[in-house]
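Summary of structural features
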Amino acid sequence: MAASQSRFGRGFFINISHIVTKFSLPPDRAWMGAQDYFSDLIIPAQFKGTEIEELVGILRQQIMWHQAGSPMDKEQHAEVKRTLNRLLIALDRKMGIPDPDVGRYHE
């Protein structure tokens, strides 16, 4: 029996990639609906109790608690991007890459 289709993506890497895409937009466009990508975000068992789970929790708080249209949009947008970068670095390390780097031209 096939699982029902998810509206905003189901999984871990799929949902994280959607959030990365969302926060590639300018702050005034990034926030609207960003919290929807947490609906079916699943943390894989091998990431439970690790820095990766902790960073996903921080990311969830940063996005879920944000009120779109606030004067802090730009500053909090930058903070979410920093957390996403930390998460991606942690994922690469967990996958065995000893020295991952987001690059200086990323931002």
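Residues numbered from 1 in each chain as written. Predicted model: local features only at pLDDT ≥ 70, side-chain atom pairs only at ≥ 80, totals over all residues. Heavy atoms only, no water.

With respect to the overall build of the chain
A count of helices and strands for the chain gives four helices and zero strands. For 107 residues, the compact-globule formula gives about 13 Å, and the C-alpha radius of gyration of the chain, at 14 Å, lands near that figure. Dimensions of the chain along its principal axes, counting C-alpha atoms only, are 40 × 40 × 25 Å. Counting the 107 residues in the chain, one finds 35% classified as buried. Contacts in the chain between residues far apart in sequence, at least 24 positions, make up 61% of those at least 6 positions apart. Entry remark: accessible area of the chain is about 7,100 Å², with carbon and sulfur atoms responsible for 54%. (Helix = DSSP H or I, 4+ residues; strand = E, 2+ residues; numbered from the N terminus. Rg over C-alpha atoms; globule rule 2.2 N^0.38 Å. Buried < 20%, exposed > 50% of the residue type's maximum accessible area, 1.4 Å probe, protein only. Contact = heavy atoms within 4.5 Å. Areas by Shrake-Rupley, 256 points an atom, 1.4 Å probe, with all protein chains shown as cover.)

Some words on the packing of helix α1 (residues 13–22) against helix α4 (residues 73–94)
Axis separation between α1 and α4 bottoms out at 11 Å; the angle between their running directions is 145°. The interaxial crossing formed by α1 with α4 has left-handed handedness. Facing Phe13, Ile16, Ile19 and Val20 of α1, the residues of α4 in contact are Leu84, Leu87, Leu88 and Leu91. (Axes fitted to C-alpha atoms, helices over the stretch in contact; angles between N-to-C directions. Left-handed = near helix turned anticlockwise from the far one by under 90°.)

Let's talk about the pattern of salt bridges
Side chains that carry opposite charge are capable of pairing whenever their charged atoms lie near each other. Taken as a whole and assessed by the stated rule, the structure comprises one salt bridge. Of the charged contacts, one joins arginine 82 and glutamate 79 as a salt bridge, the two residues approaching to 2.8 Å between their closest N and O atoms. With a gap of three residues between them, arginine 82 and glutamate 79 both fall in helix α4, about one helical turn apart. Arginine 82 sits in the partly exposed class, given a relative accessible area of 43%. You can call glutamate 79 partly exposed: its relative accessible area is 35%. (Salt bridge = Lys/Arg side-chain N within 4 Å of Asp/Glu carboxyl O.)

Observations concerning the nonpolar core
In this structure, Phe12, Ile19, Phe23, Leu41, Leu59, Ile63 and Leu87 are the most contacted members of the largest nonpolar core, which totals 22 residues. Among the secondary structure elements, those contributing two or more residues to this core are α1, α3 (51–64) and α4. Excluding its chain neighbours within four sequence positions, the residues that come into contact with leucine 59 are Ile16, Ile19, Phe38, Val80, Thr83, Leu84 and Leu87. (Core = buried A, V, L, I, M, F, W, Y, C linked by side-chain atoms within 4.5 Å.)

Description of the packing of α3 against α4
In contact at an axis separation of 9 Å, α3 and α4 are set at 160° when each is read in the N-to-C sense. Compared by their axis directions, α3 and α4 come out roughly antiparallel. Between α3 and α4 the crossing geometry is left-handed. Side by side, α3 and α4 meet where Glu51, Ile52, Leu55, Val56, Ile58, Leu59, Gln62 and Ile63 of the first sit next to Glu79, Val80, Thr83, Leu84, Arg86, Leu87, Ala90, Leu91 and Lys94 of the second. For the contact of α3 with α4, the residue count by class is 11 nonpolar, two polar and four charged. (Parallel < 35°, antiparallel > 145°, perpendicular 65-115°, else oblique. Nonpolar A, V, L, I, M, F, W, Y, C, P; charged D, E, K, R; others polar.)

Here's the deal with the side chain of threonine 83
Following the sequence through the fold, threonine 83 ends up in helix α4. Threonine 83 gets classed as buried once you look at its relative accessible area, which sits at 2%. Filtering out sequence-adjacent residues up to four positions away, threonine 83 remains in contact with Leu55, Ile58, Leu59 and Gln62.

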